[in-house]
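Spelled out, the chains give:
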Amino acid sequence: MTDTGYFVHETAVVDADVEIGAGTKIWHFSHILSAVKIGENCVFGQNASVGPNVSIGSDCKIQNNVSIYKGVTLEDDVFCGPSMVFTNVLTPRAFVNRKSEFLPTLVKKGASIGANATVVCGTVIGRYAMIGAGAVVTKDVPDHALVLGNPARQAGWVSRNGDRLGEDLVCPSTGERYSVGPDGLTLL
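Criteria and thresholds
Residues numbered from 1 in each chain as written. Predicted model: local features only at pLDDT ≥ 70, side-chain atom pairs only at ≥ 80, totals over all residues. Heavy atoms only, no water. Helix = DSSP H or I, 4+ residues; strand = E, 2+ residues; numbered from the N terminus. Rg over C-alpha atoms; globule rule 2.2 N^0.38 Å. Buried < 20%, exposed > 50% of the residue type's maximum accessible area, 1.4 Å probe, protein only. Contact = heavy atoms within 4.5 Å. Lys, Arg positive; Asp, Glu negative; His and termini not counted. Charge placed at Lys NZ, Arg CZ, Asp CG, Glu CD. Core = buried A, V, L, I, M, F, W, Y, C linked by side-chain atoms within 4.5 Å. Pairing = 2+ DSSP bridges. Polar contact = N/O pair within 3.5 Å; in protein donor to acceptor, adjacent residues only side chain to side chain. Disulfide = S-S within 2.5 Å.

**Q** Can you help me understand the overall build of the protein in this one?
**A** Each helix and strand in the protein was counted, giving 0 helices and 24 strands. For the protein, whose C-alpha radius of gyration is 17 Å, the value lies close to the compact-globule estimate of 16 Å for 188 residues. Principal-axis analysis of the C-alpha atoms gives the protein an extent of 50 × 45 × 25 Å. Across the 188 residues of the protein, 41% fall into the buried class. Sequence-distant contacts in the protein: of pairs separated by 6 or more residues, those separated by 24 or more amount to 15%. Charged side chains in the protein number 15 positive and 18 negative. The centres of these two groups are separated by 7 Å.

Right, dumping it as structure tokens:
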């Protein structure tokens, strides 16, 4: 760590006008573009790219080869697995400028996105949801939902701890109990 309170590897590039919280680590060949806000204690793996104008909460883990584009917001405690992908335009063409059509994507507190998953823009991933490796998210994901496949479909529920829940909706590791509500599961 430097006197700034965060670490940036010598091969990483951090543009001007970036806020980085204490304890954050930005590793090899990563690029943080302008007007990005990053919370405390985040980790950015090799070759991560962020921004511009992206907001990332505290305690997030961004694994190798992840790009977080303009329009994406990550709340606290979000995990982005290796080489997962965010999009920002629904119908891209190389020869058509569609920057005015960027759609926002929100990943809520505690959500995890598996390796090589794709999150199509304009979606909301709920609190503590879990996106399976290689899944393609094309619509909103409820709180605590486990989604798998292409397109991603709900395959069950997970606890805050990340354990798959049975029909009783009790976490096998912590004993926490949940109930189903209109936005997904809620902790009792």
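There is more to say after this.
**Q** Looking at this structure, how should I read the nonpolar core?
**A** Considering soluble globular proteins, one finds that nonpolar side chains tend to be buried as a cluster. With 44 residues, the main nonpolar core has Ile56, Ile68, Leu74, Phe86 and Ile113 as its most contacted residues. Listed by contribution, the elements that provide at least two residues to this core are strand 12 (72-74) and strand 21 (145-148). Those residues in contact with Leu74, other than ones at most four positions away along the chain, are Ser55, Ile56, Gly57, Cys60, Ile62, Ile68, Cys80, Phe86 and Val107.

**Q** So what exactly am I meant to see when it comes to the sheet that holds strand 1 (residues 7-8) here?
**A** Whenever strands of a sheet pair, they do so through backbone hydrogen bonds, lying parallel or antiparallel. The sheet built from 9 strands is open, its strands ordered 1-4-7-10-13-16-19-21-22 with mixed pairing. Each having just a single partner strand, strand 1 and strand 22 (153-157) make up the two edges of the open sheet. Sheet analysis places strand 21 next to strand 22, joined by 4 bridges and oriented antiparallel. Its bridge partner lying in strand 22, Ala145 is registered against Trp157.

**Q** Just to check I follow, could you spell out the environment of Met84 for this structure?
**A** By the secondary structure assignment, Met84 is in the loop between strand 13 (79-80) and strand 14 (85-86). Using a relative accessible area of 1% as the deciding quantity, one classes Met84 as buried. For the pair Met84 and Pro151, spaced 67 residues apart in sequence, the C-alpha separation works out to 15 Å. Leaving out residues up to four positions away in the same chain, Met84 has contacts with Asn65, Val66, Ile113, Gly114, Asn116, Ala117 and Val119.

**Q** Help me understand the side chain of Glu176, please; the structure alone is not making it clear to me.
**A** Of note, Glu176 is situated in the loop between strand 22 and strand 23 (178-181). Among the polar contacts made by the side chain of Glu176, one reaches the side chain of Arg160 at a distance of 2.4 Å. In this view, Glu176 contacts Arg160, Leu169, Val170, Cys171 and Leu187; residues no more than four positions away in its chain are not counted.

**Q** What should I look at first to understand the state of the cysteines in this one?
**A** Two cysteines whose sulfur atoms are joined by a covalent bond form what is called a disulfide. Applying the stated criterion across every chain yields a total of 0 disulfides. Free cysteine Cys42: the closest other cysteine sulfur is in Cys60, separated by 4.6 Å. Here Cys80 is not cross-linked by a disulfide; its sulfur's nearest cysteine counterpart is in Cys60, at 7.2 Å. For Cys80, a relative accessible area of 0% gives the class buried.

**Q** Honestly, the sheet that holds strand 9 (residues 55-56) in this entry has me stumped. Any pointers?
**A** Strands sit in the order 3-6-9-12-15-18 across an open sheet of 6 strands; the sheet is parallel. The open sheet has two free edges, formed respectively by strand 3 (19-20) and strand 18 (124-125), since each of these has just one partner strand. Bridging between strand 12 and strand 15 (residues 105-107) involves 3 bridges; their strand directions are parallel. Considered in strand 15, the bridge of Val72 is made with Thr105.

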